[in-house]
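Topology and contacts: notes
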Amino acid sequence: MSVHSCTNLISDCRPGPADVMFLVDTSLSQSEAFNRTVDYMTRLVNQIPIGPDDFQIALVSYTFDPKLVFNFTTHLSNSSLVDALGLIKSERGPTMTSKALLYASQVNVMNRNKDSPLQKLHF
């Protein structure tokens, strides 16, 4: 398993194909950070190719209970994905990060593109 660090994405920065899962705390206590997170995800998505042969994005949101907002094959274009990111809202509830991490790991194993190598990307 390789670890990549990418702070400034350049056009066509692809280790790909790659499945990327965003795990987002949507509790109201994180509303200021939440807006920055959505902005970051949107900027990232606008700089990478989206599709079955490139990057595929999944998103899990959480407060008390985590939920799969969309899986890796739901959005096959940048515009569809950016639209979906714009629909994410903050919710009432406590932050249960450990529960969300366990859920995200289960979703990742069940839904990821089997042809994509398993990699960790740290941003």
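Scroll up to find the structure.
Criteria and thresholds
Residues numbered from 1 in each chain as written. Predicted model: local features only at pLDDT ≥ 70, side-chain atom pairs only at ≥ 80, totals over all residues. Heavy atoms only, no water. Helix = DSSP H or I, 4+ residues; strand = E, 2+ residues; numbered from the N terminus. Buried < 20%, exposed > 50% of the residue type's maximum accessible area, 1.4 Å probe, protein only. Contact = heavy atoms within 4.5 Å. Core = buried A, V, L, I, M, F, W, Y, C linked by side-chain atoms within 4.5 Å. Salt bridge = Lys/Arg side-chain N within 4 Å of Asp/Glu carboxyl O. Pairing = 2+ DSSP bridges. Axes fitted to C-alpha atoms, helices over the stretch in contact; angles between N-to-C directions.

1. Some remarks on the environment of tyrosine 62
With respect to the helices and strands, tyrosine 62 occurs in strand 3 (residues 55–62). Overall, the relative accessible area of 8% leaves tyrosine 62 in the buried class. Spatially, the C-alpha atoms of tyrosine 62 and tyrosine 103 are 9.8 Å apart, while their sequence positions differ by 41 residues. Not counting residues up to four positions away in its chain, the partners in contact with tyrosine 62 are Leu23, Val24, Asp25, Thr26, Ser27, Thr95, Met96, Thr97 and Ala100.

2. Re the nonpolar core
Membership of the largest hydrophobic core comes to 19 residues, with the highest contact counts inside it found for Phe22, Met41, Ile50, Ile57, Leu59, Phe70 and Leu85. At the level of secondary structure, the elements contributing two or more residues to this core comprise strand 2 (18–25), helix 1 (31–46), strand 3 and helix 2 (78–85). It is helix 1 that contributes the most residues to this core, 5 residues altogether.

3. A word on the pattern of salt bridges
Under the definition given, this model contains 2 salt bridges. Of the charged contacts in the structure, one is a salt bridge between lysine 99 and aspartate 65, with a shortest N-O distance of 2.6 Å. With lysine 99 in helix 3 (residues 97–111) and aspartate 65 in the loop between strand 3 and strand 4 (67–70), the pair connects residues that are 34 residues apart, well separated along the chain. Among the residues examined, lysine 99 registers a relative accessible area of 31% and is labelled partly exposed. When the shortest N-O distance is used, the salt bridge between glutamate 91 and lysine 67 registers 3.3 Å. A residue pair is termed long-range when its members are at least 10 positions apart, and glutamate 91 in the loop between helix 2 and helix 3 and lysine 67 in strand 4 qualify at 24 residues.

4. Points about the pairing of strand 3
Put simply, side chains in a regular strand alternate between the two faces of the sheet. Burial of strand 3 is extensive: 8 of the 8 residues sit out of reach of the surface. Covered by surrounding structure in strand 3 are Phe55, Ile57, Leu59 and Ser61 together with Gln56, Ala58, Val60 and Tyr62, the residues of both alternating faces. In this structure, strand 3 lies alongside strand 4, joined through 3 bridges in antiparallel fashion. Bridge assignment links serine 61 to a residue of strand 4, and that residue is lysine 67. A loop of 4 residues connects strand 3 with strand 4, the two strands running antiparallel in sequence.

5. Some remarks on the sheet that holds strand 2
With mixed pairing, the 3 strands of this open sheet are ordered in space as 2-3-4. Each edge of the open sheet carries a strand with a single partner, namely strand 2 and strand 4. Within this sheet the neighbouring strands show an average axis-to-axis angle of 30°, counted without direction. With 8 bridges connecting them, strand 2 and strand 3 associate as parallel partners. Within the sheet, the bridge partner assigned to alanine 18 lies in strand 3 and is phenylalanine 55. On the sheet, helix 1 packs against strand 2 and strand 3 and is oriented at approximately 165° with respect to strand 2.

Fair warning: the whole summary comes from geometry, so function is off the table for now.
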